[in-house]
Amino acid sequence: MSEEQKKGSYSADSIQALEGMEHVRMRPSMYIGDVGVRGLHHLVYEVIDNSIDEAMGGHCDTIDVWINEDNSVSVKDNGRGIPVDIHKKEGVSALEVVMTKIGAGGKFDKDSYKVSGGLHGVGVSVVNALSAALKATVHRDGKIWEQEYERGKTMYPAKPIGETDYRGTIITFKPDHEIFQQTTEYNYETLASRLRELSFLNKGITITLTDKRETDEKGEFVTEEFTSTEGLKEFIRFLDETREPIIGDVISMEGEKNDIPVEVAMIYNTSYSENLHSYVNNINTHEGGTHLSGFRRGLTHTLKKYADASGMLDKLKFDIAGDDFREGLTAIISVKVAEPQFEGQTKTKLGNREVSAAVSQAVSEMLENYLEENPNDARTIVQKVILAATARHAARKAREMVQRKTVMSGGGLPGKLSDCSEQDPEKCEVFLVEGDSAGGTAKQGRDRMFQAILPLRGKILNVEKAMQHKVFENEEIRNIYTALGVTIGTEEDSKALNLEKLRYHKVVIMCDADVDGSHIETLILTFFFRYMKELIERGHIYIATPPLYLVKKGAKKEYAWDDNQRDIIMAKFGEGSKIQRYKGLGEMNAIQLWDTTMKPSARTLRQVVIDSAAEADRVFSMLMGDEVPPRREFIEKNAVYANIDT
Ligand code: 0RA
């Protein structure tokens, strides 16, 4: 190749790299999902993923994360350090290639155990493109190297800046507010919960998180260390902290089947809910897939075989279904797949066929051993399954009533529903309103064209503590099903949620802004999370935010949603301004409720999203379950409404 050609091809490549980076900035959502709160946090996960990969290859055991004062984030690992030698093809350092070439990732390192996929694994160059500034520091072979970038553009070639005994990589990036226009502020808890999850999924790694934005009473930064020696076993104990186990310990296995690393851990508890969490390459697969179906198959097959042989089913008058084996089950399945195929609405459903048999075999072996070695636990599990089958029979009747009512009705909407006139579900909203009186105000205040009102009587049933048939027998809950047009049972799955006839694309929970209201809000959310999770996942569930204050002076009036806003308005109005404190929705008249809480152009709707299904599961079981002490602790830590009534 002539000098000219070499130059030509080099610059062609570098133009391509530039175009790649610019494409990321033009279409960020294609790479990180969205440019809201989620996408912002995704940047951190992307950087950490690289360090985790380095750890999985056995090159690193510590990862430190800092949220810096300016909301930039630093991630430091004690891995091999990103190579800084000149990359033959690109003519720049390998570091620069990793940082500026879309999709370069660790791919040029053939030995690296790189299994990232899904939204993760798009590469740290994407983070670079979406950061106002990024600095990479590499400690390698006794030298410290450094390179900086702005909005993905290299500021200078990687340069040595000193000597070191350390080995590793430090990346500090500040998300670009031009891209993340909604917010560039990191949420400590969101990051902490992901890091905790990662430490359970990758035992032996120590991950720390330090928030340098504020200090505690002692003047120290808030910091936590996440590390797990037992991995998924500990994850299960963490998730089931507030549930009561019915067997001695967590059942678990770890191994390789057909070259696929598989880890499974499970326990049975006294609750009625099924909590399965599945991961592929550390990514939570909400929509399940082949690994999850493999787990289900292995579980059903093995338990059924055992139960049949035990003779305990002999007197049973009805059949046992797959679901019966999973009531009160908490389980985690984690697999590592070299080339994962992700499918489904949110690309979180594993498609690789070969994984199903691998997981099924792994689970069967694990369970067979356990049942054989623990006959008492085995009997307890079978008894629980029989109980579930019995309850399912009772539930089926109640569920069929829900189905019949919605299917046959046509005009059979709940009497309490004030429907809207628009027919296109996409344009329709329904407000679930606490209490009949606030329901009446909302009914007057609404735009009847596209807004429907469903008043709910007092506290709705706590589904966390109720058996399924009680849930389906409950009138308020039945009203929610019928009003929303949600039915149970599809052709493939008799228990699956059927959202085809969903009548409103926005379901808005509207409660008082006080302790009672927030309790009712949580009860309703618990119901949606346990029985209509897909509605949340598809972004249909919202929470209305009524104002807390009305500040008046003469003819001037403004609403405030918190104390700070109230004080600003009072200062603006000056001497003689009067405050009205809204204790509940009932204190507002129809016009006020419309102006502040229902009118699309003025209101704030908070969309309910699930950051981490495992975390949400734990929180709901804690808030709504039987045990009181952890709930009190949680409420004290997170009480947002607690001081409002004082
Ligand atoms: C490719 C090759 C080698 C290290 C890495 C990638 C690497 C990447 C990141 C990203 C964050 N931390 C990292 N640590 C290492 C090293 C190849 C070698 O030394 O032989």
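Heads up: the structure comes first, above all this text.
Residues numbered from 1 in each chain as written. Predicted model: local features only at pLDDT ≥ 70, side-chain atom pairs only at ≥ 80, totals over all residues. Heavy atoms only, no water.

A. Region of the structure containing helix 11 (residues 436–445). Residues of helix 11 that are buried: A438, G439, T441, A442 and G445. With its buried residues spanning 160° around the axis, helix 11 presents them on a single face. The exposed set on the far side of helix 11, more than 90 degrees from its buried face, consists of S437 and Q444. In this structure, the buried side of helix 11 is in contact with strand 17 (429–434), strand 18 (451–456), strand 21 (506–510) and helix 17 (590–598). (Buried < 20%, exposed > 50% of the residue type's maximum accessible area, 1.4 Å probe, protein only. Helix = DSSP H or I, 4+ residues; strand = E, 2+ residues; numbered from the N terminus. Arc of directions from axis to C-beta. Contact = heavy atoms within 4.5 Å.)

B. Local environment of the site of the ligand. Around the ligand, 10 residues are found, and the nearest of them are N50, E54, D77, I82 and R140. Side-chain polar atom of D77 to a nitrogen atom of the ligand: 2.7 Å apart, as the coordinates give it. Measuring from an oxygen atom of the ligand, one finds a side-chain N or O atom of R140 at 3.0 Å. Within the complex, the protein chains bury 81% of what would otherwise be the 460 Å² of accessible surface of the ligand. Residue composition of the shell around the ligand, grouped by class: two nonpolar, three polar and five charged. (Near = heavy atom within 4 Å. Polar contact = N/O pair within 3.5 Å; in protein donor to acceptor, adjacent residues only side chain to side chain. Areas by Shrake-Rupley, 256 points an atom, 1.4 Å probe, with all protein chains shown as cover. Nonpolar A, V, L, I, M, F, W, Y, C, P; charged D, E, K, R; others polar.)

C. Focus on the side chain of S193. Assignment of secondary structure puts S193 in helix 6 (residues 188–201). Not counting chain neighbours up to four residues away, the residues in contact with S193 comprise S612 and E615.

D. Main features of helix 7 (residues 232–239). Looking only at helix 7, the buried set comprises L232, F235, I236, F238 and L239. Taken around the axis of helix 7, the buried residues stretch over an arc of 160°, which confines them to a single face. The inward-facing, buried residues of helix 7 contact helix 6, strand 11 (260–268), strand 12 (275–280), strand 14 (329–335) and helix 18 (613–624).

E. Structural detail: the packing of aromatic side chains. Summed over all chains, the structure comprises 10 aromatic pairs. An angle of 50° between the planes, with centres 6.0 Å apart, marks the rings of F472 and Y481 as tilted. Like F472, the residue Y481 is buried in the burial classification. With a centroid separation of 6.5 Å and an interplanar angle of 25°, the aromatic rings of Y559 and Y582 are classed as stacked. Taken together, the positions of Y559 in strand 24 (residues 556–560) and Y582 in the loop between strand 25 (578–581) and helix 17 put the pair 23 residues apart, joining distant regions of the chain. Relative accessible area serves as the criterion here: at 17%, Y559 is assigned to the buried category. Each member of the aromatic cluster is reached from another via a ring pair, and the members are F472, Y481, F527, F528 and Y531. One residue, K76, lies across the ring of Y166, its end atom 4.9 Å from the ring centre. The aromatic ring of F238 is capped on one face by R618, whose charged end is 3.8 Å from the ring centroid. (Phe/Tyr/Trp six-rings, centres within 6.5 Å; stacked < 30°, edge-to-face > 60°. Lys NZ or Arg CZ within 6 Å of the ring centre and 35° of its normal.)

F. Quick look at the nonpolar core. Counting 54 residues, the largest nonpolar core has M266, F295, L299 and V335 as the members making the most contacts within it. The leading source of residues in this core is helix 9 (residues 354–373), at nine residues. With 49 residues, the next largest nonpolar core counts L432, I480, M532 and V619 among its residues. (Core = buried A, V, L, I, M, F, W, Y, C linked by side-chain atoms within 4.5 Å.)

G. A look at the sheet that holds strand 14. Taken in spatial order, the five strands make up an open sheet running 10-11-14-12-13, and their pairing is mixed. One side of each edge strand has no neighbouring strand; the edge strands of this open sheet are strand 10 (251–257) and strand 13 (283–284). Across seven bridges, the pairing between strand 11 and strand 14 is antiparallel. Along strand 14, the bridge assignment pairs V264 with I333. Sitting on the sheet, helix 9 is in contact with strand 10, strand 11 and strand 14, with an inclination near 135° to strand 10. (Pairing = 2+ DSSP bridges. Axes fitted to C-alpha atoms, helices over the stretch in contact; angles between N-to-C directions.)

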